[in-house]
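Here is what each chain is made of, one letter per residue.
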Amino acid sequence: MAFADEQNQISACLNVINARAPGFLPKIGIVLGSGLGDLAREVVSPVRIAFSELPGFPIPSASSHAGELILGWLAEVPVAVFAGRGHYYEHGNAREMAVPIATLKALGAQAIILTNAAGSLHASVGPGTPMLITDHIAFTGVNPMIGVPGDKRFVNLVDAYDPGLQALARYAAIQADIHLAEGVYMWFSGPSFETPAEIRFARLAGADAVGMSTVPEVIMARAEGMKVAAFSLITNLAAGMTKQGPSHAETKEEGAKAAATMCALISTFVAVLGATM
Ligand code: HPA
(Lines give C-alpha, C1' and ligand atoms only; values in the text may rest on other atoms or scores of the structure.)
Protein backbone atom coordinates (compact mmCIF):
# COMPACT_ATOMS: atom_id res chain seq x y z
CA MET A 1 0.00 0.00 0.00
CA ALA A 2 1.16 3.46 -0.81
CA PHE A 3 1.70 6.42 1.50
CA ALA A 4 -1.44 8.34 2.54
CA ASP A 5 -0.75 11.31 0.24
CA GLU A 6 -0.23 8.91 -2.67
CA GLN A 7 -3.54 7.24 -1.81
CA ASN A 8 -5.33 10.59 -2.20
CA GLN A 9 -3.56 11.26 -5.49
CA ILE A 10 -4.54 7.82 -6.82
CA SER A 11 -8.22 8.53 -6.00
CA ALA A 12 -7.98 11.92 -7.73
CA CYS A 13 -6.36 10.29 -10.79
CA LEU A 14 -9.12 7.70 -10.97
CA ASN A 15 -11.69 10.52 -10.95
CA VAL A 16 -9.94 12.33 -13.81
CA ILE A 17 -9.59 9.10 -15.81
CA ASN A 18 -13.17 7.98 -15.23
CA ALA A 19 -14.44 11.39 -16.33
CA ARG A 20 -12.39 11.31 -19.54
CA ALA A 21 -12.70 7.61 -20.41
CA PRO A 22 -15.78 6.33 -18.56
CA GLY A 23 -15.76 2.58 -17.99
CA PHE A 24 -12.43 2.01 -19.74
CA LEU A 25 -10.67 -1.00 -18.21
CA PRO A 26 -7.07 -1.46 -19.40
CA LYS A 27 -5.74 -5.00 -19.23
CA ILE A 28 -2.13 -4.02 -19.78
CA GLY A 29 -0.05 -0.95 -18.92
CA ILE A 30 2.87 0.01 -21.13
CA VAL A 31 5.62 2.41 -20.06
CA LEU A 32 7.51 3.90 -22.99
CA GLY A 33 11.19 4.66 -22.48
CA SER A 34 13.53 7.14 -24.13
CA GLY A 35 12.93 7.37 -27.85
CA LEU A 36 10.18 4.74 -27.79
CA GLY A 37 7.32 7.22 -27.94
CA ASP A 38 6.19 6.17 -31.41
CA LEU A 39 4.06 3.36 -30.01
CA ALA A 40 1.76 6.00 -28.55
CA ARG A 41 0.73 6.94 -32.09
CA GLU A 42 -0.46 3.39 -32.80
CA VAL A 43 -3.08 3.39 -30.07
CA VAL A 44 -6.57 3.14 -31.58
CA SER A 45 -9.39 5.40 -30.29
CA PRO A 46 -7.00 7.14 -27.91
CA VAL A 47 -8.04 9.25 -24.95
CA ARG A 48 -5.03 11.39 -24.08
CA ILE A 49 -4.51 12.84 -20.63
CA ALA A 50 -1.45 14.96 -19.87
CA PHE A 51 0.51 13.85 -16.81
CA SER A 52 0.09 17.43 -15.56
CA GLU A 53 -3.67 16.75 -15.19
CA LEU A 54 -3.04 13.66 -13.06
CA PRO A 55 -2.04 14.42 -9.45
CA GLY A 56 1.14 12.58 -8.44
CA PHE A 57 2.15 11.74 -11.99
CA PRO A 58 5.71 12.85 -12.81
CA ILE A 59 6.37 15.80 -15.04
CA PRO A 60 9.17 14.32 -17.12
CA SER A 61 12.17 16.55 -17.66
CA ALA A 62 14.18 14.31 -19.99
CA SER A 63 13.92 15.85 -23.44
CA SER A 64 12.76 12.59 -25.02
CA HIS A 65 9.76 12.04 -22.75
CA ALA A 66 6.31 13.45 -23.46
CA GLY A 67 4.35 12.93 -20.24
CA GLU A 68 0.98 11.68 -21.41
CA LEU A 69 -1.31 8.84 -20.43
CA ILE A 70 -3.00 7.33 -23.47
CA LEU A 71 -5.97 5.04 -22.99
CA GLY A 72 -7.07 3.04 -25.99
CA TRP A 73 -6.62 -0.14 -27.95
CA LEU A 74 -3.50 -1.83 -29.24
CA ALA A 75 -3.89 -5.07 -31.19
CA GLU A 76 -7.53 -5.00 -29.99
CA VAL A 77 -6.42 -5.14 -26.36
CA PRO A 78 -7.41 -2.29 -24.00
CA VAL A 79 -4.17 -0.67 -22.84
CA ALA A 80 -2.94 2.27 -20.79
CA VAL A 81 0.20 3.69 -22.36
CA PHE A 82 2.45 5.91 -20.28
CA ALA A 83 4.29 8.04 -22.82
CA GLY A 84 7.09 9.24 -20.60
CA ARG A 85 8.18 8.29 -17.11
CA GLY A 86 9.82 9.81 -14.09
CA HIS A 87 13.36 8.74 -13.29
CA TYR A 88 15.15 8.50 -9.97
CA TYR A 89 17.85 10.81 -11.32
CA GLU A 90 15.40 13.67 -11.81
CA HIS A 91 14.69 14.40 -8.14
CA GLY A 92 16.36 11.57 -6.22
CA ASN A 93 12.95 9.97 -5.63
CA ALA A 94 12.65 6.24 -6.36
CA ARG A 95 8.83 6.52 -6.06
CA GLU A 96 8.46 8.85 -9.09
CA MET A 97 6.23 6.24 -10.75
CA ALA A 98 4.39 5.05 -7.62
CA VAL A 99 1.10 6.84 -8.35
CA PRO A 100 0.97 5.88 -12.07
CA ILE A 101 1.63 2.22 -11.23
CA ALA A 102 -0.89 2.07 -8.38
CA THR A 103 -3.45 3.88 -10.56
CA LEU A 104 -2.90 1.32 -13.31
CA LYS A 105 -3.51 -1.47 -10.83
CA ALA A 106 -6.63 0.28 -9.51
CA LEU A 107 -7.97 0.46 -13.08
CA GLY A 108 -7.76 -3.34 -13.18
CA ALA A 109 -4.62 -3.98 -15.22
CA GLN A 110 -3.07 -7.39 -14.66
CA ALA A 111 0.25 -6.82 -16.38
CA ILE A 112 2.72 -4.06 -17.09
CA ILE A 113 5.20 -3.85 -19.94
CA LEU A 114 8.19 -1.65 -19.18
CA THR A 115 10.56 -0.41 -21.87
CA ASN A 116 13.82 1.49 -21.68
CA ALA A 117 16.96 2.41 -23.53
CA ALA A 118 20.11 0.68 -22.33
CA GLY A 119 23.81 0.28 -22.98
CA SER A 120 25.01 -3.19 -23.93
CA LEU A 121 27.91 -4.97 -22.26
CA HIS A 122 28.38 -7.26 -25.24
CA ALA A 123 30.06 -6.06 -28.43
CA SER A 124 27.99 -8.68 -30.26
CA VAL A 125 24.70 -7.13 -29.06
CA GLY A 126 24.84 -3.70 -30.64
CA PRO A 127 22.67 -0.59 -31.05
CA GLY A 128 19.20 -1.26 -32.42
CA THR A 129 18.85 -4.67 -30.75
CA PRO A 130 15.85 -5.24 -28.46
CA MET A 131 16.64 -7.17 -25.28
CA LEU A 132 14.21 -9.06 -23.09
CA ILE A 133 15.06 -8.37 -19.45
CA THR A 134 15.20 -11.64 -17.51
CA ASP A 135 16.39 -10.27 -14.16
CA HIS A 136 17.99 -7.18 -12.68
CA ILE A 137 20.72 -5.92 -10.39
CA ALA A 138 19.83 -2.77 -8.43
CA PHE A 139 23.20 -1.09 -8.01
CA THR A 140 21.94 2.22 -6.61
CA GLY A 141 21.44 1.24 -2.98
CA VAL A 142 18.02 2.81 -3.37
CA ASN A 143 14.67 1.06 -3.18
CA PRO A 144 11.16 2.46 -3.80
CA MET A 145 9.77 0.48 -0.85
CA ILE A 146 11.96 2.26 1.72
CA GLY A 147 9.69 3.93 4.25
CA VAL A 148 6.51 2.22 3.09
CA PRO A 149 4.64 1.06 6.19
CA GLY A 150 3.65 -2.55 6.76
CA ASP A 151 4.80 -5.90 5.46
CA LYS A 152 3.99 -5.25 1.81
CA ARG A 153 7.37 -3.55 1.49
CA PHE A 154 9.14 -6.93 1.70
CA VAL A 155 8.60 -7.66 -1.98
CA ASN A 156 9.65 -11.07 -3.32
CA LEU A 157 11.65 -10.53 -6.52
CA VAL A 158 12.14 -14.16 -7.55
CA ASP A 159 10.59 -14.40 -11.03
CA ALA A 160 9.94 -10.65 -10.92
CA TYR A 161 10.14 -10.76 -14.71
CA ASP A 162 7.30 -13.20 -15.15
CA PRO A 163 8.54 -16.46 -16.75
CA GLY A 164 5.21 -16.97 -18.56
CA LEU A 165 5.38 -13.48 -20.02
CA GLN A 166 9.02 -14.06 -21.01
CA ALA A 167 7.94 -17.16 -22.95
CA LEU A 168 5.20 -15.15 -24.69
CA ALA A 169 7.73 -12.41 -25.51
CA ARG A 170 10.06 -14.91 -27.17
CA TYR A 171 7.11 -16.27 -29.13
CA ALA A 172 6.03 -12.74 -30.16
CA ALA A 173 9.56 -11.95 -31.36
CA ILE A 174 9.52 -15.03 -33.58
CA GLN A 175 6.06 -14.07 -34.88
CA ALA A 176 7.28 -10.56 -35.71
CA ASP A 177 10.56 -11.89 -37.15
CA ILE A 178 12.62 -9.80 -34.72
CA HIS A 179 15.89 -10.93 -33.16
CA LEU A 180 15.40 -10.59 -29.40
CA ALA A 181 18.49 -10.68 -27.18
CA GLU A 182 17.98 -11.37 -23.50
CA GLY A 183 19.79 -10.67 -20.30
CA VAL A 184 20.21 -9.06 -16.92
CA TYR A 185 19.67 -5.30 -16.59
CA MET A 186 21.75 -3.40 -14.07
CA TRP A 187 20.25 -0.19 -12.68
CA PHE A 188 22.62 2.73 -12.19
CA SER A 189 21.19 5.94 -10.77
CA GLY A 190 22.47 8.20 -13.54
CA PRO A 191 22.21 10.87 -14.78
CA SER A 192 25.94 10.70 -15.49
CA PHE A 193 26.82 7.67 -17.56
CA GLU A 194 28.92 4.91 -16.04
CA THR A 195 32.70 4.88 -15.93
CA PRO A 196 34.56 2.18 -17.88
CA ALA A 197 35.59 0.68 -14.52
CA GLU A 198 31.94 0.47 -13.45
CA ILE A 199 31.13 -1.29 -16.69
CA ARG A 200 33.91 -3.83 -16.11
CA PHE A 201 32.45 -4.34 -12.63
CA ALA A 202 28.92 -4.72 -14.06
CA ARG A 203 30.18 -7.40 -16.41
CA LEU A 204 31.82 -9.27 -13.51
CA ALA A 205 28.57 -8.94 -11.55
CA GLY A 206 26.66 -10.72 -14.30
CA ALA A 207 24.96 -7.83 -16.06
CA ASP A 208 24.28 -7.79 -19.79
CA ALA A 209 22.99 -4.22 -20.08
CA VAL A 210 23.00 -1.03 -18.00
CA GLY A 211 20.44 1.74 -17.66
CA MET A 212 18.93 4.42 -15.45
CA SER A 213 15.29 3.38 -15.08
CA THR A 214 12.75 0.54 -14.84
CA VAL A 215 13.94 -1.25 -11.70
CA PRO A 216 11.93 0.89 -9.24
CA GLU A 217 8.85 0.37 -11.43
CA VAL A 218 9.38 -3.40 -11.46
CA ILE A 219 9.58 -3.46 -7.66
CA MET A 220 6.44 -1.31 -7.23
CA ALA A 221 4.49 -3.28 -9.85
CA ARG A 222 5.39 -6.52 -8.07
CA ALA A 223 4.33 -4.96 -4.78
CA GLU A 224 0.96 -4.31 -6.46
CA GLY A 225 0.79 -7.93 -7.66
CA MET A 226 0.96 -7.10 -11.35
CA LYS A 227 2.87 -9.34 -13.75
CA VAL A 228 5.90 -7.65 -15.29
CA ALA A 229 7.57 -7.91 -18.68
CA ALA A 230 10.41 -5.57 -19.58
CA PHE A 231 12.38 -4.81 -22.72
CA SER A 232 15.48 -2.73 -23.32
CA LEU A 233 16.32 -1.19 -26.63
CA ILE A 234 20.10 -1.31 -26.85
CA THR A 235 21.09 2.17 -28.00
CA ASN A 236 24.85 1.94 -27.52
CA LEU A 237 27.76 -0.14 -26.32
CA ALA A 238 28.47 0.73 -22.69
CA ALA A 239 31.19 3.10 -21.46
CA GLY A 240 34.73 2.07 -22.33
CA MET A 241 33.64 -0.18 -25.19
CA THR A 242 33.84 2.54 -27.84
CA LYS A 243 36.16 5.48 -28.27
CA GLN A 244 33.57 8.24 -27.86
CA GLY A 245 31.48 6.83 -24.99
CA PRO A 246 27.68 7.03 -24.56
CA SER A 247 25.60 10.19 -24.95
CA HIS A 248 21.95 11.12 -24.53
CA ALA A 249 21.87 12.33 -28.14
CA GLU A 250 22.90 8.83 -29.25
CA THR A 251 20.23 7.26 -27.02
CA LYS A 252 17.52 9.39 -28.67
CA GLU A 253 18.90 8.87 -32.17
CA GLU A 254 19.12 5.09 -31.89
CA GLY A 255 15.69 5.02 -30.21
CA ALA A 256 14.20 6.82 -33.19
CA LYS A 257 15.95 4.51 -35.67
CA ALA A 258 14.68 1.38 -33.94
CA ALA A 259 11.17 2.75 -33.35
CA ALA A 260 9.52 0.57 -36.00
CA THR A 261 11.16 -2.60 -34.64
CA MET A 262 10.22 -1.80 -31.04
CA CYS A 263 6.64 -0.91 -32.03
CA ALA A 264 6.27 -4.18 -33.94
CA LEU A 265 7.72 -6.18 -31.05
CA ILE A 266 5.56 -4.57 -28.38
CA SER A 267 2.33 -4.63 -30.36
CA THR A 268 2.85 -8.29 -31.32
CA PHE A 269 3.59 -9.06 -27.67
CA VAL A 270 0.42 -7.21 -26.58
CA ALA A 271 -1.61 -9.24 -29.10
CA VAL A 272 -0.12 -12.54 -27.88
CA LEU A 273 -0.46 -11.61 -24.20
CA GLY A 274 -3.94 -10.14 -24.63
CA ALA A 275 -5.13 -13.42 -26.13
CA THR A 276 -4.23 -15.21 -22.88
CA MET A 277 -6.20 -12.82 -20.65
N1 HPA B 1 24.12 3.66 -19.58
C2 HPA B 1 23.07 4.00 -18.84
N3 HPA B 1 21.88 4.29 -19.36
C4 HPA B 1 21.74 4.19 -20.69
C5 HPA B 1 22.81 3.84 -21.52
C6 HPA B 1 24.07 3.55 -20.94
O7 HPA B 1 25.06 3.21 -21.61
N8 HPA B 1 22.31 3.86 -22.78
C9 HPA B 1 21.02 4.20 -22.71
N10 HPA B 1 20.66 4.42 -21.44
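Structure first, text after, so check above.
First, a word on scope: everything that follows refers to the structure included in this document. (Residues numbered from 1 in each chain as written. Predicted model: local features only at pLDDT ≥ 70, side-chain atom pairs only at ≥ 80, totals over all residues. Heavy atoms only, no water.)

1. Some points on helix α3 (residues 98-106)
And step 1. The buried count for α3 comes to seven of nine residues, which makes it a mostly enclosed element.
And step 2. Of the positions making up α3, those classed as buried are A98, V99, P100, I101, A102, T103 and L104.
And step 3. Summarising the contacts, the buried residues of α3 are in contact with α1 (4-20), β1 (28-32), β4 (77-83), β5 (111-120) and α6 (215-223).
And step 4. Count one or two residues on from α3 and you reach G108, which has phi positive near 105 degrees. (Buried < 20%, exposed > 50% of the residue type's maximum accessible area, 1.4 Å probe, protein only. Helix = DSSP H or I, 4+ residues; strand = E, 2+ residues; numbered from the N terminus. Contact = heavy atoms within 4.5 Å.)

2. Details of the site of the ligand
And step 1. A117, A118, G119, F193, E194, V210, G211, M212, T235, N236 and T251 make up every residue found near the ligand.
And step 2. G119 is positioned such that a nitrogen or oxygen atom in its backbone is 3.4 Å from a nitrogen atom of the ligand.
And step 3. Taking N236, its side chain carries an N or O atom lying 2.7 Å from a nitrogen atom of the ligand.
And step 4. Protein contact buries 96% of the 260 Å² of open area that the ligand shows by itself.
And step 5. Elements supplying a minimum of two residues to the shell around the ligand: β5, β8 (209-211) and β9 (227-237). (Near = heavy atom within 4 Å. Polar contact = N/O pair within 3.5 Å; in protein donor to acceptor, adjacent residues only side chain to side chain. Areas by Shrake-Rupley, 256 points an atom, 1.4 Å probe, with all protein chains shown as cover.)

3. A word on the packing of helix α4 (residues 163-175) against helix α8 (residues 259-274)
And step 1. With their axes 8 Å apart at the nearest point, α4 and α8 run at an angle of 125 degrees to one another. Taken together, the axes of α4 and α8 lie oblique to each other. As for how α4 packs across α8, the hand of that crossing is right-handed. Contacts from L165, L168, A169, Y171, A172, A173 and Q175 in α4 reach L265, T268, F269, V272 and L273 in α8.
And step 2. Along the lines of polarity and charge, the residues of the contact of α4 with α8 split into 10 nonpolar, two polar and no charged. (Axes fitted to C-alpha atoms, helices over the stretch in contact; angles between N-to-C directions. Parallel < 35°, antiparallel > 145°, perpendicular 65-115°, else oblique. Left-handed = near helix turned anticlockwise from the far one by under 90°. Nonpolar A, V, L, I, M, F, W, Y, C, P; charged D, E, K, R; others polar.)

4. As for the packing of α1 against α3
And step 1. Running from amino to carboxyl end, α1 crosses α3 at an angle of 55 degrees, the nearest separation of the two axes being 9 Å. Taken together, the axes of α1 and α3 are oblique relative to one another. Our pair here, α1 against α3, has a crossing hand that is right-handed. Residue-level inspection shows E6, Q9, I10, C13, L14 and I17 of α1 in contact with α3, the latter providing A98, V99, A102, T103 and A106.
And step 2. For the contact of α1 with α3, the residue count by class is eight nonpolar, two polar and one charged.

5. Let's talk about the side chain of T129
And step 1. Along the chain, T129 falls in the loop between β5 and β6 (130-138).
And step 2. Judged by relative accessible area, T129 falls into the buried class, the value being 14%.
And step 3. A polar side-chain atom of T129 sits 2.7 Å from the main-chain carbonyl oxygen of G126.
And step 4. Not counting the four nearest positions on each side in its chain, T129 is found in contact with H179, A181, S232, L233 and I234.

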